[in-house]
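So the chains spell out like this:
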Amino acid sequence: MNAPRFPRGLYGVTPEWDDTARLLDAVRQAAAGGMRALQLRRKHLNPAARLAQARELAPLCRELGVLFIVNDDWRCAVEAGADGAHLGRDDASLAEVRAAAPGLLLGVSCYADLPRAQALLAEGADYVAFGAVFPSPTKPQATHAPLSLLGQAAAQVAACAAPRPAVVAIGGITPANAAQVAAAGADSIAVITGLFEAPDIRSAAQACAAPFTSSRA
């Protein structure tokens, strides 16, 4: 099997918490439950505060064996010592970031747009993310990406060189529907509310990670 470059399983995405100590504790709980990667996603935080939080998370993620990604701000990722950056449609281009920071793992938002994913795969994206696969409390106006799209994306990445890019799903994913998303073709599921707002973060992480523990969900 052509294994993905990005870890299979649970990809935690941070909520908009200013309390860094609370966030660090939550990340420890999620990692204990099987979270494989974490994205710092702070859309409403000023750059200096975002960098400060990233600098707290980066060493913790290394300690926990969790891949650390910064959303939008690839320069912050470099300065904080993160493993990678996630780029949306309005961020710097993948080619620009790859040239400036060749060591970063780069994921890209593809919404429900397979041609966009194909173009970015050709540019060397390490993962392509689709969503929202379910209604999202974080982005209620997000474009809907049907689960069938994940299977089509899986066929796209299967043709890439090993280790291949990963297919990531995001949007409204919870412990209750994680298995459905994995079965549709996702290598990884990005979860915010269903993980970090759960009454028991470790148990929620375990439930989200469980569908990926077999050789192929």
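Here, the structure is the one placed above.
Residues numbered from 1 in each chain as written. Predicted model: local features only at pLDDT ≥ 70, side-chain atom pairs only at ≥ 80, totals over all residues. Heavy atoms only, no water.

## Here we look at the pattern of salt bridges
- Scanning all chains against the criterion turns up eight salt bridges.
- One salt bridge connects Asp-18 with Arg-42, and the closest N-O pair in it is separated by 2.7 Å. Within this pair, whereas Asp-18 is found in the loop between strand E1 (9–13) and helix H1 (20–32), its partner Arg-42 is found in the loop between strand E2 (35–40) and helix H2 (47–64), the two being separated by 24 residues in sequence.
- According to the relative accessible area criterion, Arg-42 is buried, its value standing at 5%.
- The partner of Arg-98 in a salt bridge is Asp-126, with the nearest N and O atoms 3.2 Å apart. Here Arg-98, found in helix H4 (residues 94–100), pairs with Asp-126, found in the loop between helix H5 (114–122) and strand E6 (127–130); they are 28 residues apart in sequence, far enough to count as distant.
- Given the relative accessible area of 22%, Arg-98 is considered partly exposed.
- Of the residues examined, Asp-126 reaches a relative accessible area of 10% and is grouped as buried.
- Each of Arg-5, Arg-98 and Asp-126 takes part in a single network of salt bridges with overlapping partners. (Salt bridge = Lys/Arg side-chain N within 4 Å of Asp/Glu carboxyl O. Helix = DSSP H or I, 4+ residues; strand = E, 2+ residues; numbered from the N terminus. Buried < 20%, exposed > 50% of the residue type's maximum accessible area, 1.4 Å probe, protein only.)

## Let's talk about the nonpolar core
- Counting residues in hydrophobic clusters, the biggest one holds 68 residues, and the most contacted among them are Phe-68, Val-128, Phe-130, Val-181, Leu-195 and Phe-196.
- If we ignore the near neighbours within four places in the chain, the residues touching Val-128 are Val-108, Cys-110, Ala-117, Leu-121, Val-157, Ala-166, Val-167 and Val-168.
- Counting residues in hydrophobic clusters, the runner-up holds 13 residues, among them Phe-6, Tyr-11, Tyr-127 and Ala-129. (Core = buried A, V, L, I, M, F, W, Y, C linked by side-chain atoms within 4.5 Å. Contact = heavy atoms within 4.5 Å.)

## Concerning the sheet that holds strand E3 (residues 67–71)
- What the eight strands build is a closed barrel, ordered E1-E2-E3-E4-E5-E6-E7-E8; its pairing is parallel. For this sheet the average axis-to-axis angle between neighbouring strands, irrespective of direction, equals 25 degrees.
- Pairing of strand E4 (residues 84–87) with strand E5 (residues 105–111) involves four bridges; the strand directions are parallel. Opposite Gly-84, over in E5, you have Leu-105 as the bridge partner. (Pairing = 2+ DSSP bridges. Axes fitted to C-alpha atoms, helices over the stretch in contact; angles between N-to-C directions.)

## Quick word on unusual backbone geometry
- Residues Gly-131 and Ala-132 are joined by a peptide bond in cis, for which omega reads 20 degrees.
- Note on placement: Ala-132 falls in the loop between E6 and helix H6 (148–158).
- Backbone torsion omega between Ala-162 and Pro-163 reads -10 degrees, so that peptide bond is classified as cis.
- Looking at where Pro-163 falls in the secondary structure, it is placed in the loop between H6 and strand E7 (166–170).

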